[in-house]
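Topology and contacts: notes
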Amino acid sequence: MNEAPSQNHEPHENDGHETGHRPDGTGPTRRSVLWTAGAAGAGLGIGGLGTGSAAAAGADQAAAAAATGAAAASKGRHKTMIGVPFERRGTVRIGLIGLGNRGMGMLPLYLAIPGVRVVAVCDPVKDKAAKAVRLVTAAGQPAPTAYTKGDHDYENLCKRGDLDFVYIATPWDRHFAMAKSALLNGKHAGVECPVAMRMDELWDLVDLSERTRRHCMQVENCCYGRNEMRVLRMAHAGRFGSLLHAAGAYNHDLRQLMFDPAYYEGPWRRLWHTRLRGDLYPTHGFGPIANYMDVNRGDRVVRISSFGTPALGLAEYREAHMPPGDPSWRETYIESDRTFSLIQTAKGRVLRLEHDVSTPHPYSRINSLGGTKGVFEDYPERIYIEPDHTNDEWGDFSKYAEWDHWLWKEHANPPGGHGGMDYIMLYRLMQCFHLGLVPDFDVYDAATWSAPVPLSHASIKANGAPQEIPDFTRGLWRKPRQGVDSPKPTE
């Protein structure tokens, strides 16, 4: 499969497999049965393929589910996972579920890290699994077991007794069921974003992580971008003064890719635009700015208000580019072309999130932070802080390389795409395993960063009415603790 050109700041999509009909529109594919089972089995409650009134009804059900999930907090009968280290492992044994663009792109990075062995791979497309096996053996490791049979063969992977960590890179509606399977089988889970699509699923993952004593993490690569980590260190050192506001986004023109069956192997990503109206992909922007603000580590997010534009971009693109009779003509898009969300924290600070994958514009995650001593803005990167800048002109952010995180100082030219952030993230995660350290983020971060998916939809449906963001930490957010800005370990 051909991948889209990668830029330093551009994360790959979480590629997966078909979740709709055959390209000729004659009926569901075999792969669609596997990867859409979550729409019913995981309790999405969002209707079918989302056309006409069915899409509206499914959206209303999703809004109701979001509101119900936000109001019903877990009883919290289990001990917290905050501060729980990994079991020290000389060799970390990995199982990969999902071998599309994202999964196959991350596989070579796992193989490049010393002390990591890929034991098992899973994908319903046998050719992809065979390719993954060849990559592993070419790296000098024993051939991994390939799981390619049936709708739930990933469960057999999770049942193995020789796995430490299960990495999940599949379409979004499968994340919850797969993470749940990994946790219930005693494995730590790393899930591409979002970790789940509903509030009840997010609470279930929190409870499962606590009950099984296994970590469930959002593997958010943007938290490990060079700029993001530099700004994080400067913020924690007080260079921006008292922090006031921040902004993050996923603004990325995906129209061509969403209508390209060779890229996503079907319409699974596009079909979400027939189901929800809110921010479908918040974590690339939310994760880094949550780190700046020490969310869940001294502050917490308490409410979100969201607004959305009309849904016009995908329909206009289809009109201009898709032939008559294409299956996409049966789809009715309700997802706002651009969503805007304002989030307030317990300390009164304000975060802004944006999402837009349906209109033409340059790529941007915004990545902005402001405080009483100045501001940083990305895309393009620029800074203005006192006392360095006093003439109303932006400063050169490259002059602040001294503030680079120790990971970037040790790995100045990391392999892989997205400017190296993927490798830095995996290297640090495996380091925590090898040394028996507390991971940089946990299930409470995963749930918090993904919560805007259902809550922004519910807010937009309610004309911007604020939606309460639950405290997944159950009060433990008040205690400061380390995260992505953890000091370099002494090995």
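Note: the structure precedes this text.
The structure displayed is predicted, hence computed values, not measured ones.

Conventions we followed
Residues numbered from 1 in each chain as written. Predicted model: local features only at pLDDT ≥ 70, side-chain atom pairs only at ≥ 80, totals over all residues. Heavy atoms only, no water. Helix = DSSP H or I, 4+ residues; strand = E, 2+ residues; numbered from the N terminus. Buried < 20%, exposed > 50% of the residue type's maximum accessible area, 1.4 Å probe, protein only. Lys, Arg positive; Asp, Glu negative; His and termini not counted. Salt bridge = Lys/Arg side-chain N within 4 Å of Asp/Glu carboxyl O. Polar contact = N/O pair within 3.5 Å; in protein donor to acceptor, adjacent residues only side chain to side chain. Contact = heavy atoms within 4.5 Å. Pairing = 2+ DSSP bridges. Axes fitted to C-alpha atoms, helices over the stretch in contact; angles between N-to-C directions. Parallel < 35°, antiparallel > 145°, perpendicular 65-115°, else oblique. Left-handed = near helix turned anticlockwise from the far one by under 90°. Nonpolar A, V, L, I, M, F, W, Y, C, P; charged D, E, K, R; others polar. Phe/Tyr/Trp six-rings, centres within 6.5 Å; stacked < 30°, edge-to-face > 60°. Lys NZ or Arg CZ within 6 Å of the ring centre and 35° of its normal.

**Details of the side chain of Arg300**
Mapped onto the elements, Arg300 comes out in the loop between helix H13 (283–292) and strand S8 (301–308). One buried charged side chain, Arg300, makes no salt bridge at all; its nearest oppositely charged neighbour is Asp471, positioned 4.5 Å away. A polar side-chain atom of Arg300 sits 3.0 Å from the main-chain carbonyl oxygen of Ile469. Residues contacting Arg300, with those up to four places away along its chain left out, are Val295, Gln344, Thr345, Ala346, Ile469, Pro470, Asp471 and Trp477.

**A word on the sheet that holds strand S11 (residues 368–371)**
What holds strands together in a sheet is hydrogen bonding between their backbones, with the strands either parallel or antiparallel. One open sheet holds the 8 strands; their spatial order is S13-S12-S11-S7-S10-S9-S8-S14, and the pairing between them is mixed. Only two strands of the sheet have a single neighbouring strand rather than two, namely strand S13 (382–385) and strand S14 (467–468).

**What to know about the packing of helix H4 (residues 101–112) against helix H5 (residues 126–138)**
To describe two helices that pack against each other, one gives the angle between their axes and the distance between the axes. Two numbers describe how H4 lies on H5: the axes approach to 10 Å, and their chain directions differ by 20°. Our classification of the angle between H4 and H5 gives roughly parallel. The crossing of H4 and H5 is right-handed. Between H4, through Met104, Leu107 and Leu111, and H5, the contact on the second element is made entirely by Lys128, Lys131, Ala132, Leu135 and Val136. Along the lines of polarity and charge, the residues of the contact of H4 with H5 split into 6 nonpolar, no polar and 2 charged.

**Brief notes about the pattern of salt bridges**
Counted under the stated rule, the structure contains 25 salt bridges. The partner of Lys488 in a salt bridge is Glu410, and the shortest N-O contact between them spans 2.6 Å. Of this pair, Lys488 sits in the segment after S14 while Glu410 sits in helix H15 (residues 406–410), placing them 78 residues apart in sequence. What makes Glu410 partly exposed here is its relative accessible area of 36%. Here the residues in one salt-bridge network are Arg338, Arg352, Glu354 and Asp356, joined through shared partners.

**So, the sheet that holds strand S4 (residues 165–168)**
Strand order in the open sheet made by the 6 strands is S3-S2-S1-S4-S5-S6, with parallel pairing throughout. The open sheet is flanked by strand S3 (145–147) and strand S6 (216–218), the only strands paired with a single partner. Taking the axes of each pair of neighbouring strands and ignoring which way they run, one obtains an average angle of 25° across the sheet. In terms of strand pairing, strand S2 (residues 116–122) meets S3 through 3 bridges, oriented parallel. Looking at S3, one finds that Val121 is bridged to Ala146. Sheet contacts for H4: strand S1 (92–97), S2 and S4; angle to S4, the most-contacted strand, approximately 145°.

**Looking at H4**
Across the 12 residues that make up H4, a large majority, 9, are buried. All of the buried residues along H4 are Asn101, Arg102, Gly103, Met104, Met106, Leu107, Leu109, Tyr110 and Leu111. Looking at the packing, one finds that the buried side of H4 touches S1, S2, H5, S4, helix H11 (261–264) and helix H16 (421–435).

**Regarding the pairing of strand S10 (residues 350–356)**
Most of S10 is tucked away: 5 of the 7 residues are buried. With 7 bridges connecting them, strand S7 (residues 243–251) and S10 associate as parallel partners. Counted as the bridge partner of Asn251 is Asp356 from S10. Examined bridge by bridge, strand S9 (residues 339–345) and S10 share 6 bridges and lie antiparallel to one another.

**Digging into the packing of aromatic side chains**
Summed over the entire model, instances satisfying the criterion amount to 18 aromatic pairs. Considering the side-chain rings of Tyr363 and Tyr379, the 6.1 Å spacing of their centres and the 65° angle between planes classify their relative orientation as edge-to-face. With Tyr363 in the loop between S10 and S11 and Tyr379 in the loop between strand S12 (374–377) and S13, this residue pair connects regions lying 16 residues apart in the sequence. Relative to Phe397, the ring of Phe376 lies with its centre 4.5 Å away and its plane at 45°, an arrangement referred to as tilted. Of this pair, Phe376 sits in strand S12 while Phe397 sits in the loop between S13 and H15, and the two are 21 residues apart along the sequence. With a relative accessible area of 0%, Phe376 lands in the buried category. Assessed through its relative accessible area of 1%, Phe397 is described here as buried. In textbook terms, an aromatic cluster arises when at least three aromatic residues are bridged by ring pairs, as seen for Trp172, Tyr250, Tyr263, Tyr264, Trp268, Trp272, Tyr281, Tyr363 and Tyr379. In this arrangement the basic side chain of Arg318 is found over the ring face of Trp329, its NZ or CZ atom lying 4.8 Å from the centre.

Geometric descriptors of this kind do not, in isolation, establish any biological role.
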